[in-house]
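Fold and geometry: a report
Listed below are the residues making up each chain.
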Amino acid sequence: MLQTCARRLALFALAALLIGAPAGGALAQAAPGAARPTPVPATPAAATPAATATAPAGPAKPPAADAPVQTRQVQAVTIRRIVVQGNERIETGTVLSYLPIAPGDTVDSARLDLAVKTLYRTDLFSDATVDVQGQDLIVRVIENPIINQVVFEGNSSLSNDKLRDEINLHPRSIFTRAHVQSDVQKMVELYRRSGHISAQVTPKVVELPQKRVDLVFEINEGPKTGILRVNFLGNKAFTDNILRDVVVTKESSWYKFFASNDNYDPDRIEYDREQLRKYYTNKGYYDFHVISSIAELEPNQRNFAVTYTIDEGQRYRFGKLTVKTDLKKLNGDVLRILLPIKEGQVYQSDKIENAVDALTFAAGAAGFAFVDIRPRYTANKQSKTVDVTFEVKEGPRVYVERIDIVGNTVTLDPVIRREMRLAEGDAYNRVLVDRSKTEIKRLDFFKTVDIEQLPGSAADKTILRVKVQEQPTGELSFGAGYSSVDRLLLDAGISQRNFRGTGDDVRLRASVGSLRQQIDFSYTDPRFEGRDLRAGVSLFYYRYDFTEQAGFDSESIGTSFTLGFPLSVNTFLQAHYTIHSDDVLVNAGLCDEGAISITICDQRGSTLTSAVGYNLYLDFRNDPIHPTRGYYIKLMQDFAGLGGNVRYLSSQYEGGTYYGFAPGWTGRFLSQGGYLMGWGDSDIPINDRFFKGGNTFRGFQVAGIGPRDTASNLQEAVGGKLYVINTAELTIPNQLPEQYGIKTSLFSDFGTLGLVDKDVKQADPTVKDDLGLRASAGLSVFWTSPLGPIELDFSQVLAKDTYDKTETFRFSTSTQF
C-alpha cells in the first residue's frame, strides 16, 4: 500500500513539473454548478513573440510511450483473473479490449509497463495503474471527462464558427490536456494570421456531474497589428512602388476598408520572398535572390516595418537551347521547334515551365505517356546568357489503379466518370487527364475541378482523385431594365441543368414580363441510350408583346426534337426538327384608323412552320466557362418549308476570340450575325425577322435598332433580314477582395440591322431602312450577390440613326439554387 501511494505521488509530482502546476497544489477547477469557470495554472503556449496561450491543469499527462513507468517489480506470474476498478462511463469490456494482457498470460514488470502505456495512449483515462495481487491483475483507472460544450468568450474579429472549424475538440469528445493545448495553439496561429499578433487564449474548465466538463476559451484578441512601411534595399532595376505591387503584404491605410493583406503575417512575408524571386527571374535576373526579410515592431506595439534586402544580380538572356532525348520516335531537333523560347530573348523562368509542358504534351501526343523532362542550366556570366538543355527520358510506366471522385454532393459519380478519357487499368497519360478535366468543366456543374495524382498500391500504379466543388445548377431568374423613356422591363423563369444529379437538363419555364409571356418544358439527355448522343425534346408556348415596339402581339405553340453528337474533341454537331403554329395579333381598330403601320397590319393571321436544321460548334478555348485563350465558332442553319406555309432559309453564326494579357486582364472580341432568305416567292413573316437591342445591343432599347415605320404614331420596328453585331470587351482587375464577387469590364458594341422585303417598301414607303452603323460604349459591373448574379450596364450611344430608340442603363439579375 505504501508503495502504491509513493508511486502515485511520484507520478503526480512528475506531471506537475511537466505542466507547470504547483507541485503540492490541488487542481483549481470550478465546483459542480459553479456559475463561472475558475482559471487554472498552465504553461504558456510556444507561439510568436508576445502571443501567449494557456491550458488548464487537468489530469496529468502520462510519460511518453518509450519512457519508463514506475511499476512494482514483480516476478513472473500467470494471471487467472483481471479486475477493472474505477470505470464509470466506459464499459469493463472496452477497458479489457485495450489491455495487451489476457487471463492465462504470464506477466512481469515489462508487461505491466506496456499495459499502463497502452491505456494512456487511448486518451480515455487521466490516470491508470496496474498491479498484481496474487494471481489477480487489478486495473485501476480514472476516466477523462467528456466535453459538454465548447464556449468562446471575448472574440469579435473571428466568429465562433470560424474558431470551431479550426479546433478539434467538440461536444461529446474526450477532454485531454494535450488536445486543449493543441487547439489553443491553433487559435493563436489563426489570430496571428489575421493580424492579432499579441492575442492570448486562456482555456478554463467548468466541472459538471457525470464526468462532464464545459470547456471555455477566454480570448484577449489584443490590437490588430498593421504594416506601417514596406521597404526594399538593394533594388536598382525596379522602384519601391513597383515592388510593392509585386509583394502580397500591403501597407496599412485608413481608406483600405476591405484590405486583408495589410497586417503582419510571417507566412505572408515568406510567400513574398517567392513572389519577388518569380518577378525578377521573369524579367531576366537569373541569379536574383532575397538576402533577408525582416519585420520590426514599432515602439507603439501596433505596427510593423517590413524590409526586404535583395541582390538583383545581372540581367540574362536565353543562350543555346537544346533538346536531348534517347527515345527513338522523338527527334530532338523537331521538339526544339516546339519550344516557346527563342535564343536571345530575355530569360524568363515561366517560359521554362511552359517549355516543359509543351514537350510533355508533344511526347504524349506521340504516344509516350511516361516521360521525364528535366531542364539543365548553364549560366555564362561574361556573355550574360543562360544555356538550357532539356533532357527527355522515358519515365517509369504507370497505370491508373483507381479513379476516386470526391466533393460531388449532388452529381452522381457516373455523370463525372463518363467524361473521363481514362479508365481504371489504362496507362496514365497527362494529355488525357487534362482533356478529362476540360470535359468535366464543360458540364458547368462545378465551381472548381481538379484532378490529383496520388501514389497507388505499387510503384507502377497511380490513383486519380477527381476533386470537384458543386455549384448551383438550378436557376430562378429575374430580369429588369430601365429605358430612356422610363419603362421597366421584367422577366422571370426556372430551370435545372442537372436534374437529381443525373446530368439531364430539365427546364420548366414560366415567364411573365412586359415583353414576353412564356411557358415551355424541355428535357435533354446528354447520354441517350448510354451512347455519346445528346437527345432532347421540348414543348413551348410563347406570347411576345411587341405592341409598344412594333405594334403587334405574336403567339407561338409547337414542339422540337434534337439529336447531337461530337465529330471530334473540339467539334459538335446537333440536328433538330421544329414545328410550330404562329399567330400575329394586331388591333383591327387601330389599323382602320391608320394608327398602326400598313406593314404591321398586313402581317395579321396564322402561319404553320415546319423546319429542319443543324448547329455546328467548334470550341478551341482553354476553358469552356472562363476562357482566357482560344476561340469558338457556332454555325446555325434552318430550312423551313417541309410542310406548312412558311418558306425561308435562316443562316446565323456566333464566334469569339479571347486573349489574356495579365492576371485579371482579359480581352475578348465577339461577333454574331444572321441572314434570312425567303424562297418560293415567300416573304419573311414579321415574327421570324430579327429584332435587336436591349441585352443583345447595349445602349439601345429592345427592338431599338433596325427598320422602322417613322410615319405611324407608334413608330413601330418592322424587323430586318440581316444583322451583324460585334462586341469588344476588356475585363478590369478588381481592387476589392475576390470574395466580394465584383467584376467590371469596358465594352463597345457596334453593328447594324436592316433589309426588308421589296414588297414591304412598296406597300409602305415610310419604312426607313438605312442599314446604318450603330455603336455604343460603356461599363458593365457584375456582382455575384447573395441573391444571385447581378449585371449593371451603363451605356453611351456613339452612332445611331435618327429613328433608333436608346437607353443609358440596364439592370438584370438571376437567383440560383
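Residues numbered from 1 in each chain as written. Predicted model: local features only at pLDDT ≥ 70, side-chain atom pairs only at ≥ 80, totals over all residues. Heavy atoms only, no water.

What to know about the overall build of the protein chain
When helices and strands are tallied, the protein chain shows 15 helices and 36 strands. Here the protein chain, with 817 residues, has 44% of them falling under the buried criterion. Within the protein chain, counting contacts between residues at least 6 apart in sequence, those at least 24 apart form 60% of the total. Here the protein chain displays about 41,100 Å² of accessible surface, and carbon together with sulfur accounts for 55% of that area. (Helix = DSSP H or I, 4+ residues; strand = E, 2+ residues; numbered from the N terminus. Buried < 20%, exposed > 50% of the residue type's maximum accessible area, 1.4 Å probe, protein only. Contact = heavy atoms within 4.5 Å. Areas by Shrake-Rupley, 256 points an atom, 1.4 Å probe, with all protein chains shown as cover.)

So, the sheet that holds strand β16 (residues 399-406)
Pairing in this open sheet of three strands is mixed, and the strands run β16-β18-β17 from one edge to the other. Edge strands, defined here as strands with exactly one partner in the open sheet, are β16 and β17 (446-455). Sheet twist, expressed as the mean angle between neighbouring strand axes with direction ignored, is 20 degrees. Two strands pair when backbone bridges link them, and β17 and strand β18 (residues 461-470) are joined in this way by nine bridges, in the antiparallel orientation. Bridge pairing in β18 links glutamate 452 to arginine 465. Against the sheet, helix α11 (residues 430-442) engages β17 and β18, with an angle of about 155 degrees to β17. (Pairing = 2+ DSSP bridges. Axes fitted to C-alpha atoms, helices over the stretch in contact; angles between N-to-C directions.)

Quick notes on the side chain of aspartate 520
Mapped onto the elements, aspartate 520 comes out in strand β22 (residues 516-525). Using a relative accessible area of 10% as the deciding quantity, one classes aspartate 520 as buried. The residues contacting aspartate 520, other than those within four sequence positions of it, are Arg507, Leu508, Arg509, Leu539, Phe540 and Tyr542.

Focus: a nonpolar patch on the surface
A cluster of nonpolar side chains, Ile494, Leu508, Phe521, Tyr523, Val537, Leu539 and Phe561, forms an exposed patch at the surface whose accessible area comes to about 610 Å². Sorting the residues of the nonpolar patch by element identifies β22 and β23 (534-546) as the ones contributing at least two each. If you trace the backbone, isoleucine 494 turns up in strand β20 (residues 488-496). (Patch = residues over 30% accessible without salt bridge, like charges linked within 9 Å, V, L, I, M, F, W, Y side chains within 5 Å. Salt bridge = Lys/Arg side-chain N within 4 Å of Asp/Glu carboxyl O.)

Concerning helix α3 (residues 109-121)
Relative to the 18 Å expected for 13 residues at 1.5 Å per residue, α3 spans 19 Å between its end C-alpha atoms, a close match to the ideal helical length. Those residues of α3 that sit buried are Ser109, Leu112, Asp113, Ala115, Val116, Lys117, Thr118, Leu119 and Tyr120. Packing partners of the buried residues in α3 comprise α2 (92-98), β5 (125-133) and β6 (136-143). The opening residue of α3 is aspartate 108, an N-cap whose side-chain oxygen sits 3.2 Å from the backbone nitrogen of alanine 110. (Expected span 1.5 Å × (residues − 1). Polar contact = N/O pair within 3.5 Å; in protein donor to acceptor, adjacent residues only side chain to side chain.)

Some remarks on the sheet that holds strand β15 (residues 385-394)
Read across the open sheet, the three strands follow the order β13-β15-β14; overall the sheet is mixed. Only two strands of the sheet have a single partner each, and these edge strands are β13 (317-325) and β14 (371-380). Geometrically, the sheet is characterised by an average inter-axis angle of 20 degrees between neighbouring strands, direction not taken into account. Two strands pair when backbone bridges link them, and β13 and β15 are joined in this way by seven bridges, in the parallel orientation. Directly across from lysine 324, in β15, lies its bridge partner glutamate 391.

Re the environment of threonine 806
Along the chain, threonine 806 falls in the loop between β35 (788-799) and β36 (809-816). Separated by 112 residues in sequence, threonine 806 and glycine 694 place their C-alpha atoms 9.0 Å apart.

Concerning the packing of helix α5 (residues 177-193) against helix α7 (residues 266-281)
Remark: α5 packs on α7, axes separated minimally by 8 Å, with the N-to-C direction vectors making an angle of 55 degrees. Taken together, α5 and α7 sit at an angle that is classed as oblique. Between α5 and α7, the contacting residues are Glu189, Arg192 and Arg193 on the first element and Pro266, Asp267 and Arg268 on the second. (Parallel < 35°, antiparallel > 145°, perpendicular 65-115°, else oblique.)

A closer look at the confidence of the model for the protein chain
Looking at the protein chain as a whole, the pLDDT averages 80, with 82% of positions reaching at least 70. Ignoring residues within four places in sequence, the model shows residues 38-70, a span with pLDDT below 50, making 96 contacts including any to other chains. In the model, residues 481-487 has pLDDT below 50 throughout and makes 17 contacts with residues more than four positions away in sequence or in other chains. (pLDDT = per-residue confidence, 0-100.)

Examining the side chain of lysine 692
Note on placement: lysine 692 falls in the loop between β29 (665-678) and β30 (708-709). For the buried lysine 692, which has no salt bridge, the nearest side chain bearing the opposite charge is glutamate 654, at an N-O separation of 7.6 Å. Setting aside its immediate chain neighbours within four residues, lysine 692 contacts Gln672, Gln701, Ala703, Gly704, Ile705, Tyr723, Ile725 and Leu753. (Lys, Arg positive; Asp, Glu negative; His and termini not counted.)

Side note on the pattern of salt bridges
Scanning all chains against the criterion turns up 29 salt bridges. As a salt-bridge pair, glutamate 343 and arginine 336 come within 2.8 Å of each other at their nearest N and O atoms. What makes glutamate 343 partly exposed here is its relative accessible area of 46%. Residue classification places arginine 336 among the partly exposed positions, given a relative accessible area of 36%.

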